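Examination of the molecular architecture
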Amino acid sequence: MRKSWLLFFCMAILVVALAAGCGNNNNNNVGDNNNENNDNDNGEEVAELTYVGSESCSGCHSGEHAGWLETEHPYMIQDASEMWDVSRAALEAELEKGEGSEFTTIGGDRGRIESLDEIVYIVGQRWKQRFVVKTDEGYGFLTTQYYPEGADGAGLYGYGGGSIYEDRCLACHATGFDLEASQTVDRTAADYRLEDLAVELGVGCEACHGPASEHVASPSKDNIVNIRNLSVAQQNDFCGTCHARNSGTVGYDGRQDPIGYEFGDDLRDVTLPQSVVTGENIWRKVEGGETVGYFDSAEDGSMRFFADGAGRSHRMQYNDFEQTAMFDSKSCIDCHDLHSANGLVGDSFDDTCAQCHGDETFDIDELMPYRAFSSNTPDMRVHTFLPGGEGNPNDDVIPLTDDSEE
C-alpha cells in the first residue's frame, strides 16, 4: 500500500553508474537526428542535423563546458591508459597466476587475456572500474571489476560480464551512438574501435542538447534542445532513459539502452522500466507472509528493490523518484546542474533544498541514505525522500514471484 508522506521534496545527488553509468543519451539512431524525413512543418527540405562533439561547444559556452568536465559524465568510457594504478597492480598479480586466475577471463566464455595490453577501455571512475577487451564478436568485459571500497576491502571482485558492449548498453555511455554502424561494422578488423560507432565516448553536451551542427553554424536558442522547454514528465522521462533500471529496450532484444528515443518521448515507449508504482516488469517475493524484496523476474530474478520498496541497485534514481509525491511537479533538473562539479543547482544540499523550502533544513543522510549498491557495499543514495530512505511501493498492482509463500 502507498504510504502517507511525512516530508516534502529535497534534492538528489546525480549519479552516473555503471551499470554502466550510466549518463544520458537522447538520440541513439543517429540517422534520424530528431529531424524525421529532413523536412519542416511546411514540407520544405532542411539540412540534416549532425553531431559535432563537445569541444565545439567550449568557445561560446566555456563556463558550462568547464563545469561539465568536472562531472563524471565525460568519463563514462576511457582509454585503458586511464586505469587506476591499484586496478593495474591487482590485474598484473592475477596474470601471474595464469589459468589459475578467475579474474582474467572474458565474459561469455570468450577466452582469457594474457596481457594488460589487451584491455582497450575502462568503464567507471568512482565506485568501480570495469575492463573492456576486444573479441571477434565485439567489445566484451573481463569477469572482474575493481572496487575501491569493497565489502572485503579494496580489490578485484567477480562480475558476470557476459554482454557485448555495443549490443547492450553503449548508447547510455557514448554520445551519438550509431546503431546501424554497430550492426554493419567489421568487428574483427584490427583497427575497429568503439569510436567508430559514436561521435564521442562518454556523455557529452549533445547527449542532452541534441546534435548541434546547425546551432554551431548559426547560434540561436531556437536551434538547440533545452530540456527546460519540455514538460516535467518529459524531463523526468529523459533522465530516465539512462537513470531508470529497465528490463529491456522496446523493439531491440538484448538491449537496455534507449535506442530510438527522441526528446519528448514517453519513456515507456522506448524502454521497459521496472516500477513498484505501476507493477511493470517487477515481482514481489513473499516468505512467511512478509515481503522480502522486489525482483526483476518471476523466477530466478535479481532483487532490484528492498522489501520496503527503495531501489537496491545503481541507475535506479528514476525508479525511486517516481514513488514520490513530487514526481508529477518536480523534475531531476530542478535539483541537478549537469554543468556543476557537485551535480547540484546550489553550492550544497542546503542551498539546493532552499530554492523550494526556504530556511527549512533537512538531514540528507536520513532522507537520502547510502543504501543502493554500485559496488557490493551501500555506496549510492536512494531517491525516495522518505525517512530512512524507505520506498513507497504499491503492492496492490505488483505480481508475486513464482516461489512466493503467502
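Remember, it's a predicted structure, so these values are computed and weren't measured experimentally. (Residues numbered from 1 in each chain as written. Predicted model: local features only at pLDDT ≥ 70, side-chain atom pairs only at ≥ 80, totals over all residues. Heavy atoms only, no water.)

**Section: a negative patch on the surface**
Taken together, the side chains of Glu 99, Glu 114, Asp 117 and Glu 118 present a region of like negative charge at the surface. With respect to the secondary-structure elements, Asp 117 resides in the loop between α2 (85-95) and β2 (119-123). (Patch = residues over 30% accessible without salt bridge, like charges linked within 9 Å, V, L, I, M, F, W, Y side chains within 5 Å. Areas by Shrake-Rupley, 256 points an atom, 1.4 Å probe, with all protein chains shown as cover. Salt bridge = Lys/Arg side-chain N within 4 Å of Asp/Glu carboxyl O. Lys, Arg positive; Asp, Glu negative; His and termini not counted. Charge placed at Lys NZ, Arg CZ, Asp CG, Glu CD. Helix = DSSP H or I, 4+ residues; strand = E, 2+ residues; numbered from the N terminus.)

**Quick look at the pattern of salt bridges**
Side-chain pairing between opposite charges can occur once the charged atoms of the two side chains come close. Under the defined criterion, the tally for this structure stands at 17 salt bridges. Taken together, the shared-partner salt bridges in this structure form one network comprising Asp 79, Arg 193 and Glu 195.

**Here we look at the sheet that holds strand β12 (residues 303-305)**
Strand order in this open sheet of three strands is β10-β11-β12, and the pairing throughout is antiparallel. The open sheet has two free edges, formed respectively by β10 (283-287) and β12, since each of these has just one partner strand. In this sheet, neighbouring strand axes are inclined to one another by 55° on average, regardless of whether the strands run parallel or antiparallel. (Pairing = 2+ DSSP bridges. Axes fitted to C-alpha atoms, helices over the stretch in contact; angles between N-to-C directions.)

**Details of the sheet that holds strand β4 (residues 138-147)**
The five strands are arranged β1-β2-β3-β4-β5 in an open sheet whose pairing can be described as antiparallel. Where the open sheet ends on each side, the last strands, each with one partner, are β1 (77-79) and β5 (155-158). The sheet shows a mean angle of 40° between the axes of neighbouring strands, taken without regard to direction. Relative to β4, strand β3 (residues 129-135) runs antiparallel, the two sharing six bridges.

**Considerations on the packing of aromatic side chains**
Tallied over the full model, the rule gives 14 aromatic pairs. Here the aromatic rings of Tyr 261 and Phe 263 are separated by 6.3 Å at their centres, their planes lie at 75°, and the arrangement is edge-to-face. Both residues of the pair, Tyr 261 and Phe 263, count as buried. Between Phe 321 and Phe 385, the aromatic rings sit 6.3 Å apart at their centres with planes inclined by 85°, giving edge-to-face as the arrangement. Of this pair, Phe 321 sits in helix α8 (residues 317-321) while Phe 385 is found in the segment after β14 (378-381), placing the two residues 64 residues apart along the sequence. Judged by relative accessible area, Phe 321 falls into the buried class, the value being 5%. Three or more aromatic residues joined by ring pairs make a cluster, and in this case those are Tyr 318, Phe 321, Phe 327 and Phe 385. In this structure, Arg 312 is placed above the aromatic ring of Phe 373, and the distance from its NZ or CZ to the ring centre is 5.0 Å. The ring of Phe 306 has Arg 371 sitting right over it, with the charged end atom 4.3 Å from the ring centre. (Phe/Tyr/Trp six-rings, centres within 6.5 Å; stacked < 30°, edge-to-face > 60°. Buried < 20%, exposed > 50% of the residue type's maximum accessible area, 1.4 Å probe, protein only. Lys NZ or Arg CZ within 6 Å of the ring centre and 35° of its normal.)

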